[in-house]
Amino acid sequence: MENIKLPGARLKGEMSVEEAIQRRRSRRDFAGAPLTMEQLGQVLWCAQGVTERGGSKRAAPSAGATYPMVLFAAVGEQTVAGLGAGVYQYLPAGHALKKVLEGDIRGRIASAAYRQHFLAEAPLDILMAADHSRTSSRYRGRAPRYVAMEAGHIGQNIYLQAEALGLGTVAVGAFDDGAMAEVFGLPRELEPLYLMPVGHVR
Ligand SMILES: Cc1cc2nc3c(=O)[nH]c(=O)nc-3n(C[C@H](O)[C@H](O)[C@H](O)COP(=O)(O)O)c2cc1C
């Protein structure tokens, strides 16, 4: 299947970074309204988009630019307008999506996260999964802390971008790792670290 090109990110918004910081809260009450491909593209770009002209550096900092994080977007049928239900891997280099799973897994995501039901209601669930080897080959014993720190940086970008778009999100760290890896069909080298549902706030 062909990769799906995302709309280019906007570099000007309606809200200042200061206002986004002031307004940011964890939001768990999502309305069913679908997101647009522009909103999906913007949120993935702020998380792991390539922001270095002619280079490969990304929106969030990474220890030694080792970029251990792989992002997946789980959506329902047309919960992002124009996208079929499934799981899509974000490809930073091409600002594109690659479909990796067919079907709506949001209910199973909520179950694997100890029934945090808002994960089933949000139109979009973003999973950060880490390939620790990318960072540990360089930083050895310090790598686990670096990878966790990087997840925090990415998560904060998503929080602030969601707020600036008039959307909401919440960082979810509480889930069964094995169950979540299975629900997303992760390859063995990827560890699920952080989940962030994104949607319109009720
Ligand atoms: C590492 C981490 C893990 C979290 N895990 C969850 C979670 O599993 N479920 C949830 O509803 N909120 C989770 N949160 C969100 C916190 O509950 C929230 O940030 C906190 O209550 C402060 O509220 P605020 O984000 O609105 O300022 C998590 C936050 C962090 C930083």
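Residues numbered from 1 in each chain as written. Predicted model: local features only at pLDDT ≥ 70, side-chain atom pairs only at ≥ 80, totals over all residues. Heavy atoms only, no water.

Here we look at the overall build of the protein chain
The secondary structure content of the protein chain amounts to seven helices and seven strands. Walking the protein chain from its N terminus toward its C terminus, one meets helices and strands in the order β-α-α-β-β-β-α-α-β-α-α-β-α-β. For the protein chain, the C-alpha radius of gyration of 16 Å lies close to 17 Å, the compact-globule estimate for 202 residues. Structurally, the protein chain occupies a C-alpha span of about 45 × 40 × 35 Å along its principal axes. The buried share of the protein chain, taken over its 202 residues, is 47%. Partitioning the contacts of the protein chain with sequence separation of at least 6, the portion at a separation of at least 24 is 70%. For the protein chain, the accessible area works out to roughly 9800 Å², and carbon and sulfur atoms hold 50% of it. Placing the 23 positive and 20 negative side-chain charges of the protein chain at their respective mean positions leaves the two points 6 Å apart. (Helix = DSSP H or I, 4+ residues; strand = E, 2+ residues; numbered from the N terminus. Rg over C-alpha atoms; globule rule 2.2 N^0.38 Å. Buried < 20%, exposed > 50% of the residue type's maximum accessible area, 1.4 Å probe, protein only. Contact = heavy atoms within 4.5 Å. Areas by Shrake-Rupley, 256 points an atom, 1.4 Å probe, with all protein chains shown as cover. Lys, Arg positive; Asp, Glu negative; His and termini not counted. Charge placed at Lys NZ, Arg CZ, Asp CG, Glu CD.)

Digging into unusual backbone geometry
For Gln78, which is not glycine, the phi dihedral falls at a positive 60°. For Gln78, the location among the structural elements is in the loop between β2 (69-75) and β3 (86-91). A residue is classified by how much of its surface remains accessible, and Gln78, at 38% relative accessible area, is partly exposed.

Here we look at the pattern of salt bridges
Tallied over the full model, the rule gives six salt bridges. In this structure, Glu102 and Lys99 form a salt bridge, with 2.9 Å as the shortest nitrogen-oxygen distance. Salt-bridge contacts for Asp104 lead to Arg106; the nearest nitrogen and oxygen are separated by 2.8 Å. Using a relative accessible area of 41% as the deciding quantity, one classes Asp104 as partly exposed. (Salt bridge = Lys/Arg side-chain N within 4 Å of Asp/Glu carboxyl O.)

Some points on the site of the ligand
Taken together, 13 residues are adjacent to the ligand, and Arg24, Ser26, Arg28, Gln116 and Ala171 come closest. Arg25 has a polar side-chain atom sitting 2.9 Å from an oxygen atom of the ligand. Between a nitrogen atom of the ligand and a side-chain N or O atom of Gln116, the distance comes to 2.8 Å. A per-class count over the shell around the ligand returns seven nonpolar, three polar and three charged. (Near = heavy atom within 4 Å. Polar contact = N/O pair within 3.5 Å; in protein donor to acceptor, adjacent residues only side chain to side chain. Nonpolar A, V, L, I, M, F, W, Y, C, P; charged D, E, K, R; others polar.)

Here's the deal with the side chain of Glu163
With respect to the helices and strands, the residue Glu163 is situated in helix α6 (residues 143-164). The buried category is assigned to Glu163, whose relative accessible area is 6%. If we ignore the near neighbours within four places in the chain, the residues touching Glu163 are Met15, Ala20, Arg23, Arg24, Arg25 and Arg27.

Comments concerning the confidence of the model for the protein chain
It should be kept in mind that the predicted coordinates are not to be read in detail where pLDDT is low. Per-residue confidence for the protein chain gives a mean pLDDT of 98, with 100% of residues at or over 70. Per-element mean pLDDT across the protein chain ranges from 97 in helix α5 (residues 132-139) up to 99 in β2. (pLDDT = per-residue confidence, 0-100.)

Observations regarding the sheet that holds strand β6 (residues 168-169)
Across the sheet, seven strands lie side by side as β1-β4-β3-β2-β5-β7-β6; this open sheet has antiparallel pairing. The sheet is open, and its two edges are formed by β1 (4-5) and β6, each paired on a single side. With seven bridges joining them, strand β5 (residues 124-130) and strand β7 (residues 191-199) adopt antiparallel strand pairing. Bridge pairing in β7 places Ala130 opposite Glu191. (Pairing = 2+ DSSP bridges.)

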